[in-house]
Amino acid sequence: MAEAERTLVEKLEALRVEHRDLDDAIARMDQGPYVDQLRLRRMKKRKLQLKDFIARIESRLIPDLDA
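All residue numbers here refer to positions counted from 1 along the written sequence of the relevant chain. Thresholds applied to this predicted model are a pLDDT of at least 70 for local features of residues and 80 or more for the giving and counting of side-chain atom pairs; totals over whole chains, interfaces and linings are not thresholded and use all residues. Only hydrogens and water are removed before side-chain values are computed, so all heavy atoms of the structure are retained for them.

A. Structural view of the nonpolar core. We call a set of buried residues a nonpolar core when its members are Ala, Val, Leu, Ile, Met, Phe, Trp, Tyr or Cys and they connect through side-chain atoms within 4.5 Å of each other. Accessible area is worked out with a 1.4 Å probe on protein chains only. A residue is then buried under 20% of its type maximum, exposed over 50%, and partly exposed in between. Leu-8, Leu-12, Leu-15, Leu-22, Ile-26, Met-29, Leu-40, Met-43, Leu-50, Ile-54 and Ile-57 together form the largest nonpolar core, which totals 11 residues. Strands are runs of DSSP state E lasting at least 2 residues, helices are runs of H or I lasting at least 4, and numbering of each runs from the N terminus. Every element with two or more residues in this core is listed here: helix H1 (3–31) and helix H2 (37–61). Ranked by residue count, the leading element in this core is H1, at six residues. Should any heavy atoms of two residues lie within 4.5 Å, those residues are considered in contact. The contacts of Ile-26, once residues within four sequence positions are left out, are Leu-40, Met-43, Lys-44 and Lys-47.

Here is the structure:
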């Protein structure tokens, strides 16, 4: 595995962990008696950004079959 590819795999794993942690935090916040709607919205937006970053990296890691 090339160094650049290894770096992408490490970044991908870090993003997945952050996404999973954010998902857990959002679920806990939703269950609480008081929900800060602004904070919840920001967390959900960040989660979507992470999902997009993850998809881009996964796409870059897929070998080019045309080559």
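Having seen the structure, we can now continue with the description.
B. A look at H1. When the terminal C-alpha atoms of H1 are compared, their 43 Å separation across 29 residues agrees well with the 42 Å that a helix rising 1.5 Å per residue should span. Those residues of H1 lying buried are Leu-8, Leu-12, Leu-15, Leu-22, Ile-26 and Met-29. On the buried face of H1, the contacting elements are H2. Take the residue count of a helix, subtract one, and multiply by 1.5 Å to get its expected span.

C. Representation of the pattern of salt bridges. We count a salt bridge whenever a side-chain nitrogen from Lys or Arg sits within 4 Å of a carboxyl oxygen from Asp or Glu. What the rule picks out here adds up to four salt bridges. Between Arg-6 and Glu-3 there is a salt bridge, and its shortest N-O distance comes to 2.9 Å. With Arg-6 and Glu-3 both in helix H1 and three residues apart, the pair spans about one turn of that helix. Arg-6 gets classed as partly exposed once you look at its relative accessible area, which sits at 35%. For Glu-3, a relative accessible area of 54% puts it in the exposed group. The shortest N-O distance in the salt bridge between Arg-16 and Glu-58 comes to 2.5 Å. Of this pair, Arg-16 sits in helix H1 while Glu-58 sits in helix H2; the two residues are 42 residues apart in sequence, bridging distant segments of the chain. On the basis of relative accessible area, Arg-16 is assigned to the partly exposed category, the value being 33%.

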